[in-house]
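The residues making up each chain are set out below.
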Amino acid sequence: MTISKLFQNGSGPAPSCRAVEIGTTAVRTAALKRGGKSPRLTDFREVSLSREGPDPVPSETVRERLRELFRGKRLKEDVITTALPLHRSFIRLLEVPFPRVVQIRQVISSEAELHVPFPLEEVIIDFWPVEELPEGRTRVMMAAVKKSVVAEHLGLLEEAGISPGRVNLDLLGSCRTVIASPLVDPDEVTMFLDIGAAHTGAAFLLGGEVVFARSISWGGDNVTAAIAGEAGADFISAEARKLAAASGISGSTFAAAYELLGTELLRTVTAAAAPCGGRPPAKLVLAGGGSLSPGLKEYLAGKMGLELLEIDPASVVRSRRPPSGPGSSAVIGLALSEISPNQSRIDLRREEFAFTGAWIKLRRRLYVTAFLTAGLMVLLALGFFWRIGMEEREVANLDRRIRQIVRLTFPAAPVPVPGQELRVMEQELEKVEEDLQNYRELVSVSALDVLREISRVVPEAIRVQVVVLDIDNNRVIFRGRTNNYRSAELIRNALAGSDYFIGERIRETRDARTLQRGGELVTVEFEYLLPLADREGAD
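Residues numbered from 1 in each chain as written. Predicted model: local features only at pLDDT ≥ 70, side-chain atom pairs only at ≥ 80, totals over all residues. Heavy atoms only, no water.

Engineer: I'd like a description of the sheet that holds strand S7 (residues 138-146), backed by residues and values.
Structural biologist: An order of S5-S7-S6 is seen for the 3 strands of this open sheet, with the pairing classed as antiparallel. The open sheet has two free edges, formed respectively by strand S5 (90-96) and strand S6 (123-132), since each of these has just one partner strand. Going across the sheet, the axis of each strand differs from the next one's by a mean of 25°, ignoring polarity. Strands S6 and S7 of the sheet are contacted by helix H4 (residues 147-159), whose axis makes an angle of about 65° with S7. (Pairing = 2+ DSSP bridges. Helix = DSSP H or I, 4+ residues; strand = E, 2+ residues; numbered from the N terminus. Axes fitted to C-alpha atoms, helices over the stretch in contact; angles between N-to-C directions. Contact = heavy atoms within 4.5 Å.)

Written as structure tokens, this is what we have:
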């Protein structure tokens, strides 16, 4: 295992994982352990949430159900993960001008600033790659969640004694379960719908990844409301009639409720055309408790003109007691995303635990290293006392070792005469220092010098944010942000007066971009090409 993989915050497969999902109608947990052809489901638990109306279940009730779910259970899995509902996130399809994930992660906040309707300091942003585009660009799905939403979710789990290290999205967990099924052809576009009580998550799968996703404000509660309206019943009675196949309710009532979802899905297919390569979906997969509404599966298959696939979430894992029902798809998929990861996942605690993941993996190695270091120190101490009684032999050994060091360190130097080893080392080090000084004289202006010069010449009263600073031996490309056009012009004039740059050749490489909120100018983004002046002989 390479050093770089150790510091990817657990991006590789985890030996074991436990997932916790807080749904609208139930809280669930699933534990998977890696091994064999498919992961083994070592634990699955589910506790229902009683609902008296369409409103969310109070957090106090959810907390008690979580405690009931984990009462007497010791969490010993390597990774604990959870998920937020997709509708609590802001998700967008973006194109970024970089091909590598490391590069994209450095600029995703800047790219998302014009799309996220909240101040960047109030949100957590993550993404997953969708498609590589020409000219080194990449299409990504960006997800932004308010920090307060993540804190509320984690706080609820913490009060129940659960401390997850990862936070994903529930729809991505459900998609991971579908992708793992052998019934899904990775070369075809598959449309997946996770229909919950109040919202529906729609995703398009291609090549074993999620290439498009969105949330639709439609769920099983819409059907319950339609039944209640026709029968004049309360929410609980209407929900019971829906689960009992709604006998006595006219087909037109269901058709009107389903038509709202069908219309949104047709719009979703159009929006997903680009990341799907212009290909329409060929198969339809449904999950979630809302998919059990009477006649909904048949209606959607006919409306969309797609073949309906029935996928059992338990079929992708090994288990003696497989769970039943469509509600287990998300929690099993969340754990599967850590056991057998793919690109289509996010972690809203990535920055928070950037070192924690590495520490967990390095802890055992550090213990071994500390033990070996302590043992080495003991051996060195024993050797020191032993050499006191063997002074003459130690001197001879030391001379021999010095000669070996000289030969290994300076192979081009002549074999030193006994007793002249240190003198030869000093002469060779002086040569190295001369070579290093010659090299320093050849090096052009450094990035640190440019940053210091920009900081010196730009007036302190001007607010400026450095976005890109690209430096080579001839020029500097400086992209930054400030609060108005006047400030951008003052920055340019200040740079023109610096001895580091050729002032009359400074030019803009592209038109300034602006960001407005409430009709007022907030940000001006500029980009200047700064030719470097000849610094030979300066200072």
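Next comes the rest of the write-up.
Engineer: Give me the lowdown on a positive patch on the surface, citing residues and values where you can.
Structural biologist: A contiguous patch of positive charge on the surface is contributed by Lys33, Arg40, Lys73, Arg74, Lys76, Arg318 and Arg320. Mapped onto the fold, Arg40 is located in strand S3 (residues 40-48). According to the relative accessible area criterion, Arg40 is partly exposed, its value standing at 36%. (Patch = residues over 30% accessible without salt bridge, like charges linked within 9 Å, V, L, I, M, F, W, Y side chains within 5 Å. Areas by Shrake-Rupley, 256 points an atom, 1.4 Å probe, with all protein chains shown as cover. Salt bridge = Lys/Arg side-chain N within 4 Å of Asp/Glu carboxyl O. Lys, Arg positive; Asp, Glu negative; His and termini not counted. Charge placed at Lys NZ, Arg CZ, Asp CG, Glu CD. Buried < 20%, exposed > 50% of the residue type's maximum accessible area, 1.4 Å probe, protein only.)

Engineer: A description of unusual backbone geometry should follow, citing residues and the corresponding values.
Structural biologist: With a phi close to 60°, Glu135 is a non-glycine residue in the positive phi region. Residue position: Glu135 is located in the loop between S6 and S7.

Engineer: Residues and numbers for H4, please.
Structural biologist: Taking 1.5 Å of rise per residue, the 13 residues of H4 would be expected to cover 18 Å, and the 18 Å separating its terminal C-alpha atoms lies within 8% of that figure. On its buried face, H4 sits against strand S1 (16-22), helix H2 (59-70), strand S4 (79-84), S6, S7 and strand S8 (166-169). Just beyond H4, the residue with positive phi is Gly161, at close to 85°. (Expected span 1.5 Å × (residues − 1).)

Engineer: An account of the nonpolar core is needed here, citing residue identities and associated values.
Structural biologist: If you look at the biggest cluster of nonpolar residues, it comprises 60 residues, and the most contacted ones within it are Phe192, Leu193, Val210 and Leu300. If you look at the next biggest cluster of nonpolar residues, it comprises 18 residues, including Val457, Phe478, Leu495 and Phe526. (Core = buried A, V, L, I, M, F, W, Y, C linked by side-chain atoms within 4.5 Å.)

Engineer: Describe the sheet that holds S4, and please don't skip the residues or the numbers.
Structural biologist: Within a sheet, neighbouring strands are paired by backbone hydrogen bonds and run either parallel or antiparallel to one another. Strands sit in the order S3-S2-S1-S4-S8 across an open sheet of 5 strands; the sheet is mixed. Taken across any chain shown, the strands that pair with only one partner, and hence form the sheet edges, are S3 and S8. Averaged over neighbouring strand pairs, the angle between their axes works out to 20° when direction is ignored. In this fold H4 packs onto S1, S4 and S8, with an angle of close to 130° to the strand it touches most, S4. Its contacts with the sheet put helix H10 (residues 329-339) on S1, strand S2 (26-33), S3, S4 and S8, and the angle it makes with S1 is roughly 150°.

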